[in-house]
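Residue-level structure breakdown
Below are the chains, spelled out letter by letter.
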Amino acid sequence: MAGYDPIDLRLMDEFQRDLPLVEHPFSAIAETLSLTEAQVIDRLQRLQSLGAVARVGATVRPNTAGASTLAAMAVPPSRLGTVAAQVGAEPGVNHSYQREDDWNLWFVATAPGPAALASSLDRIRAATGLRVLDLRLVRAFNIDLGFRLTGAARPMTADRAPAPTALTDSDRALLAALSKGLPLVPAPFAAIAGWLGTPEPALRARIAELCAARIITRLGVIVRHRPLGWTSNAMVVWDLPVDRIEAAGRALAAQPGVTLCYQRLSVPGAWPWTLYSMIHGRSRAEALAVLDAARALPELAGVACKPLFSTRCFKQTGALIGEVA
């Protein structure tokens, strides 16, 4: 991670989650790093300008405050740039990547609800004239992605089931603001409270409740891994019968170096894969070594898998929680 000093690395590494829910969170971070509040804010602004930090804010559990899906398209190589631009122009698309496969364009689409999500995918089909695989999430084994950037790979924390009844209609505006990112000012929660017309202590208490309910899956510094040297990233898909997915998913999610793990719907006749895992590596050899260790797990013995390395990022933004046109 050349170009970033040790304090930059600590700021990005140690504060990817559990942002202090206090009036002055950047002051609390500053105490840990032996900096001033202003220096922390200046560093975060610089890291954002360099593209290493996407935002300081929240990631929201899929299909709680809205609807979302992972989708794939098989795009002729000569059209890939054009189609990626058409897909990226859809407001609810927040991630879009080229991957090494016949199904070469992958994206995440979000919307306020299932009907709006279906309409979004229909617009993409109509605009491009291409088939779109809709690969809905069935179960998450680990969806955190806040893995440590330094030191040896370590197991991620297993996902906890959410308490969706904790979510209310009035939370949508708060989650939208947190997904866009906190303002980098000394009292960011007070700024959001002012926008929403709610007392600042009550807003922080509500954020804590949404974190405890696992509606907010992470609150902290959201990094962009590629600028930090994690350039060999593979989505590995596994073909398992339904009765083996739970055991395999739990084992895979606990494997050091596996950064995401979840079950998705298959598409009969087109896409048989049911279990997904992400590996973020600083080299292809490093990523493949993690895959070899995963394939050796007893729960995955004899299971067919396929690594799809990402080769180009077309779009990467926070999830859209509000209304989609």
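So, here is what we can say about the structure in this document. This is a predicted model, so every value here is computed, not measured. (Residues numbered from 1 in each chain as written. Predicted model: local features only at pLDDT ≥ 70, side-chain atom pairs only at ≥ 80, totals over all residues. Heavy atoms only, no water.)

Description of the overall build of the protein
Counting its regular elements, the protein contains 10 helices and 11 strands. Since a compact globule built from 325 residues should have a radius of gyration of about 20 Å, the 20 Å found for the protein is in line with a globular shape. Taken along its principal axes, the extent of the C-alpha atoms in the protein is 55 × 45 × 40 Å. Taken across its 325 residues, the protein has 51% of its residues classed as buried. About 13,700 Å² of surface is accessible on the protein, with carbon and sulfur atoms providing 56% of the total. (Helix = DSSP H or I, 4+ residues; strand = E, 2+ residues; numbered from the N terminus. Rg over C-alpha atoms; globule rule 2.2 N^0.38 Å. Buried < 20%, exposed > 50% of the residue type's maximum accessible area, 1.4 Å probe, protein only. Areas by Shrake-Rupley, 256 points an atom, 1.4 Å probe, with all protein chains shown as cover.)

Re the sheet that holds strand β6 (residues 137-142)
One open sheet accounts for 9 strands, arranged β5-β2-β4-β3-β11-β8-β10-β9-β6; its pairing is antiparallel. Either end of the sheet is taken by a strand with one partner, and the two such strands are β5 (133-135) and β6. For this sheet, the mean angle separating the axes of adjacent strands, direction not counted, is 30°. Note: strand β2 (residues 67-73) against β5, 3 bridges, orientation antiparallel. Residue pairing for β5: Leu70 is matched across the bridge by Leu135. Most of the contacts of helix α5 (residues 114-128) go to β2, to which it runs at about 20°, and overall it touches β2, β3 (93-99), β4 (105-111) and β5. (Pairing = 2+ DSSP bridges. Axes fitted to C-alpha atoms, helices over the stretch in contact; angles between N-to-C directions. Contact = heavy atoms within 4.5 Å.)

Let's talk about the packing of aromatic side chains
Under the defined criterion, the tally for this structure stands at 4 aromatic pairs. Residues Tyr262 and Tyr276 carry aromatic rings whose centres are separated by 5.7 Å and whose planes lie at 20° to one another, so their mutual orientation is stacked. With a gap of 14 residues between them, Tyr262 in strand β9 (residues 258-264) and Tyr276 in strand β10 (residues 275-281) connect regions that are remote in the sequence. The exposure classification of Tyr262 matches that of Tyr276, with both residues buried. Among the aromatic residues, ring-to-ring pairing joins Trp106, Trp271 and Trp273 into one connected group. The side chain of Arg99 reaches across the aromatic face of Tyr97, ending 5.4 Å from its centre. Here the guanidinium or amino end of Arg284 rests over the ring plane of Phe309, the centre of that ring lying 4.0 Å away. (Phe/Tyr/Trp six-rings, centres within 6.5 Å; stacked < 30°, edge-to-face > 60°. Lys NZ or Arg CZ within 6 Å of the ring centre and 35° of its normal.)

Overview of helix α7 (residues 188-196)
Within the span of α7, buried status applies to Pro188, Phe189, Ile192 and Ala193. Seen end-on, α7 carries its buried residues on one side only, within an arc spanning 140°. Those residues of α7 hidden inside the fold are in contact with α2 (25-33), α6 (171-180) and α8 (200-212). Of the residues flanking the end of α7, it is Gly197, one or two places downstream, whose phi is positive at about 70°. (Arc of directions from axis to C-beta.)

With respect to the environment of Glu90
Mapped onto the secondary structure, Glu90 falls in the loop between α4 (80-88) and β3. Of the residues examined, Glu90 reaches a relative accessible area of 8% and is grouped as buried. Here the alpha-carbon distance between Glu90 and Thr110, two residues 20 residues apart in the chain, equals 9.8 Å. Sequence-distant contacts of Glu90, that is, excluding residues within four places in its chain, are made with Ser120, Arg123, Ile124 and Lys315.

Describing the pattern of salt bridges
Within this structure, the stated rule accounts for 18 salt bridges. The salt bridge partner of Arg148 is Asp13, with a shortest N-O separation of 3.0 Å. In this pair, Arg148 sits in the loop between β6 and α6 while Asp13 sits in helix α1 (residues 6-14), placing the two residues 135 residues apart along the sequence. The exposure class of Arg148 is partly exposed, given its relative accessible area of 34%. Here Glu100 makes a salt bridge to Arg284, at a shortest N to O gap of 2.8 Å. Residue Glu100 is found in the loop between β3 and β4, and its partner Arg284 is found in helix α10 (residues 284-295); the two are separated by 184 residues along the sequence. By sharing partners, the salt bridges in this structure join Asp5, Asp8, Arg43 and Arg46 into a single network. (Salt bridge = Lys/Arg side-chain N within 4 Å of Asp/Glu carboxyl O.)

A few points about unusual backbone geometry
At Asn63, a residue that is not glycine, the phi angle is positive and equals roughly 65°. In this structure, Asn63 sits in the loop between β1 (53-60) and β2.

Describing the environment of Ala89
For Ala89, the position within the fold is in the loop between α4 and β3. Along the sequence, Ala89 and Asp18 sit 71 residues apart, while their C-alpha atoms lie 33 Å from each other.

Some points on the environment of Gly220
Position of Gly220 relative to the elements: it lies in strand β7 (residues 216-223). In sequence terms Gly220 and Glu14 are 206 residues apart; their C-alpha atoms lie 9.3 Å from each other. Ignoring sequence-local partners within four residues, the contact set of Gly220 consists of Phe15, Gln16, Arg17, Leu19, Arg55, Val56 and Gly57.

A word on the side chain of Ser310
Mapped onto the fold, Ser310 is located in strand β11 (residues 304-316). A polar side-chain atom of Ser310 sits 2.7 Å from a polar atom in the side chain of Arg226. Apart from the residues within four sequence positions on either side, Ser310 is in contact with Tyr97, Gln98, Arg99, Arg226 and Asn233. (Polar contact = N/O pair within 3.5 Å; in protein donor to acceptor, adjacent residues only side chain to side chain.)

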